[in-house]
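Fold and geometry: a report
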Amino acid sequence: MKYAVIRFPGSNCDWDMYYVLRDQLKVEPIFVDYRETNLPIDVVAVIVPGGFSYGDYLRSGAIARFAPIMEDIKKFAEAGNPVLGVCNGFQILTEAHLLPGGLRKNQHLEFICQQQDLFVQNNQTTFSNQFKPGEKVMMPVAHGDGNYYCDDVTLQQLRTHNQIVLTYSKNPNGSVADIAGIVNEQGNVMGMMPHPERASELVLGGTDGLRLFQSVVTRQLQK
Ligand SMILES: NC(=O)CC[C@H](N)C(=O)O
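What you see is a predicted model; the values in this text were computed from it and never measured.

Thresholds applied
- Residues numbered from 1 in each chain as written.
- Predicted model: local features only at pLDDT ≥ 70, side-chain atom pairs only at ≥ 80, totals over all residues.
- Buried ≥ 20, exposed ≤ 12 C-beta atoms within 10 Å, placed from the backbone.
- Helix = DSSP H or I, 4+ residues; strand = E, 2+ residues; numbered from the N terminus.
- Contact = placed C-beta atoms within 7 Å.
- pLDDT = per-residue confidence, 0-100.
- Pairing = 2+ DSSP bridges.
- UniProt positions renumbered as here; feature names shortened; annotations may be inferred.
- Core = buried A, V, L, I, M, F, W, Y, C linked by C-beta atoms within 7 Å.
- Near = placed C-beta within 6 Å.
- Nonpolar A, V, L, I, M, F, W, Y, C, P; charged D, E, K, R; others polar.

In terms of burial, helix α3 (residues 88–95) is largely enclosed, as eight of its eight residues are buried. Burial in α3 covers these residues: N88, G89, F90, Q91, I92, L93, T94 and E95. Buried-residue contacts for α3 involve β3 (43–48), β4 (83–86), β5 (102–104) and β11 (189–192). Just past α3, the residue H97 takes up positive phi, approximately 65°.

This part takes up the confidence of the model for the protein. Overall, the predicted model of the protein reaches an average pLDDT of 97, with 100% of residues at or above 70. We note a pTM of 0.98 for the whole complex and an ipTM of 0.95 for its interfaces.

Moving on, we come to the pairing of β11. The side-chain alternation of β11 yields two buried faces, one formed by V189 and G191 and the other by M190 and M192. In terms of strand pairing, β4 meets β11 through four bridges, oriented parallel. Within β11, the residue paired with L84 across the bridge is M190. Counting the residues between successive antiparallel strands, the hairpin from strand β10 (residues 179–183) to β11 contains five residues, one of them, G187, with a positive phi of roughly 85°.

Now for the UniProt feature "active site" (unreviewed entry) in the protein. With numbering matched to this structure, UniProt assigns "active site" (unreviewed entry) to C87, H195 and E197. These annotated residues cover 111 residues of sequence, and their C-alpha atoms lie no more than 11.0 Å from one another, placing them together at a single site. Considering the arrangement of structural elements, one finds C87 in the loop between β4 and α3. Ignoring anything within four residues of it in the chain, the contact list for C87 reads C13, G50, A142, H143, M193 and H195. Examined against the element boundaries, E197 turns out to sit in the loop between β11 and α5 (208–222). Assessed through the 30 C-beta atoms surrounding it within 10 Å, E197 is described here as buried. Excluding residues that lie within four positions of it along the chain, E197 makes contacts with C13, D16, M17, V20, V86 and G209.

With that out of the way, let us pick up the nonpolar core. In this structure, I6, V46, I47, V83, L93 and V189 are the most contacted members of the largest nonpolar core, which totals 59 residues. The greatest single-element share of this core, amounting to five residues, is contributed by helix α2 (residues 69–78). Those residues in contact with L93 that lie beyond four places of it in its chain are V48, G85, L98, L99, V189 and G191.

Close to the ligand lie G50, G51, F52, D56, S60, C87, N88, A142, H143, G144, D145 and G146, which account for all nearby residues. Residue classes in the shell around the ligand are distributed as three nonpolar, seven polar and two charged.

This next bit is on the environment of N88. Checked against the element boundaries, N88 lands in helix α3. Residue N88 is classed as buried on the basis of its C-beta count, with 28 C-beta atoms lying within 10 Å. As for N88 and G61, which are separated by 27 residues in sequence, their C-alpha atoms are 6.5 Å apart. For N88, the residues in contact, after removing those within four places along its chain, are G50, G51, F52, S53, S60 and G61.

Okay, structure coming up:
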């Protein structure tokens, strides 16, 4: 039962993620290099961590999506397995079309790094079942390109299928409909700009992020 943390050139939240999975969540994490073509057979969840893959050149996540490991991540996702992208991971998953929409430069064109209040809009997903509906939670954001955009038709689809999981209580970046995190229509792929791995220990200011990871474990134990 391994949790794969994918590493690209420029990933920088990989160790934070590994540490939280191992020491706080008590599951077995492994790093998987972007040059690999196959995920190890005993992987039960994939996490694409934050960072600046390929220096954010061209557009955040736009180069990483062509990395060899992405083909197998797509197959893994299509088979219904959980895939979570955080920050740059979210950007990579939209660029790879595993999630709809895209991430643009923050409206005010500045990098933001701050604690952020969020609302849980859907607590029925693989990634949010340990929250109460409408609950206010806190996780930090740290991004320059966190401005989620999708067209009106896509937004309507997101709403119809209950795919909006997290919204900002005070929109920090100009995201459409205050969106901070979404799932795909099947509900097994999630992308979010806030960093749950930086909110998984009291010493870091809170443990709301840990409950997001615990949601994944809970869902797996129910299988
Ligand atoms: N913390 C991160 O993952 C940063 C994400 C991204 N490279 C940005 O600045 O928007």
